[in-house]
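# Remarks on the overall topology
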Amino acid sequence: MHSDLHVLAPHGIGGRTALGYHPRDGRPVACWVVHPTRREPGVVPRLERYAAALGLSGTDAAALREVDDYRASLTAAGGWATLWVGDETELAAEHDDAWLDALLDRGWAVVVVGYSTDLATSDNPAIMAYLTGGGNAHVGVVRAA
């Protein structure tokens, strides 16, 4: 993905696109990573409310939960992807063609809400290491609108 992603970050929460690969079929998977933009006392409760609004599961869940479409959806146009929660624009971030192709191919993206500011700039292997190494996160699948 782009190393210079521009993120709209209301209230200390940012988002970015990332490209992963499905463990079963090896094909690309569009991922949306939600992360704190700075360390401050109020950001963790805001991330918790955000994850709860989406209805995301913890990383210890047996399977990824599909987020109900009335809760959230993803759109992408003009190089920008938007994660919508309810009727409000919550987060927007740049995407590249490979990310868009994966979103359109599968019709969904994996959404990760994590608690490390490093997720804003980490490369994809570092994101996977955070998730598999016990980093606190909520995950789920959000459909493209």
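The structure contained in this document is the topic of the report that follows. (Residues numbered from 1 in each chain as written. Predicted model: local features only at pLDDT ≥ 70, side-chain atom pairs only at ≥ 80, totals over all residues. Heavy atoms only, no water.)

## Here's the deal with the overall build of the protein chain
- The number of helices and strands found in the protein chain is three helices and nine strands.
- Reading the protein chain from its N terminus to its C terminus gives the helix and strand order β-β-α-β-β-β-β-β-α-β-α-β.
- The C-alpha atoms of the protein chain give 14 Å as radius of gyration, which agrees with the globular expectation for 145 residues (15 Å, within 12%).
- With respect to the principal axes defined by its C-alpha atoms, the protein chain has extents near 40 × 30 × 30 Å.
- Per-residue burial over the protein chain gives 45% buried out of 145 residues.
- Restricting to contacts in the protein chain with at least 6 residues of sequence separation, those with at least 24 account for 63%.
- When the accessible surface of the protein chain is summed, it comes to about 7500 Å², and 52% of that surface belongs to carbon and sulfur atoms. (Helix = DSSP H or I, 4+ residues; strand = E, 2+ residues; numbered from the N terminus. Rg over C-alpha atoms; globule rule 2.2 N^0.38 Å. Buried < 20%, exposed > 50% of the residue type's maximum accessible area, 1.4 Å probe, protein only. Contact = heavy atoms within 4.5 Å. Areas by Shrake-Rupley, 256 points an atom, 1.4 Å probe, with all protein chains shown as cover.)

## Digging into the environment of Ala145
- In this structure, Ala145 sits in the segment after β9 (137-143).
- A C-alpha to C-alpha distance of 14 Å links Ala145 and Ala102, two positions 43 residues apart in sequence.
- With sequence-adjacent residues up to four places away left out, Ala145 is seen in contact with Ser73, Leu74 and Thr75.

## A word on the pattern of salt bridges
- Scanning all chains against the criterion turns up six salt bridges.
- A salt bridge links Asp25 to Arg106; the shortest N-O distance between them is 2.9 Å. Taken together, the residues span a long stretch of sequence, with Asp25 in the loop between β1 (13-21) and β2 (28-36) and Arg106 in helix α2 (residues 97-106) at a distance of 81 residues.
- Accessibility expressed as a relative area gives 37% for Asp25, which makes it partly exposed.
- Since its relative accessible area comes to 14%, Arg106 is described here as buried.
- Between Arg46 and Glu40 there is a salt bridge whose closest N-O contact spans 2.3 Å.
- With relative accessibility at 22%, the residue Arg46 sits in the partly exposed group.
- Look at the salt bridges and you will find they share partners, linking Asp25, Arg27, Asp105 and Arg106 into a network. (Salt bridge = Lys/Arg side-chain N within 4 Å of Asp/Glu carboxyl O.)

## Side note on helix α1 (residues 43-54)
- Its twelve residues give α1 an end-to-end C-alpha distance of 17 Å, which sits within 8% of 16 Å, the value for a rise of 1.5 Å per residue.
- Residues of α1 that are buried: Val43, Leu47, Tyr50, Ala51 and Leu54. Buried residues of α1, viewed axially, fall in a sector of 95°; they line one side. Exposed residues lying more than 90 degrees from the buried face of α1 are Arg49 and Ala52.
- Phi turns positive, to about 75°, at Gly55, one or two residues after α1. (Expected span 1.5 Å × (residues − 1). Arc of directions from axis to C-beta.)

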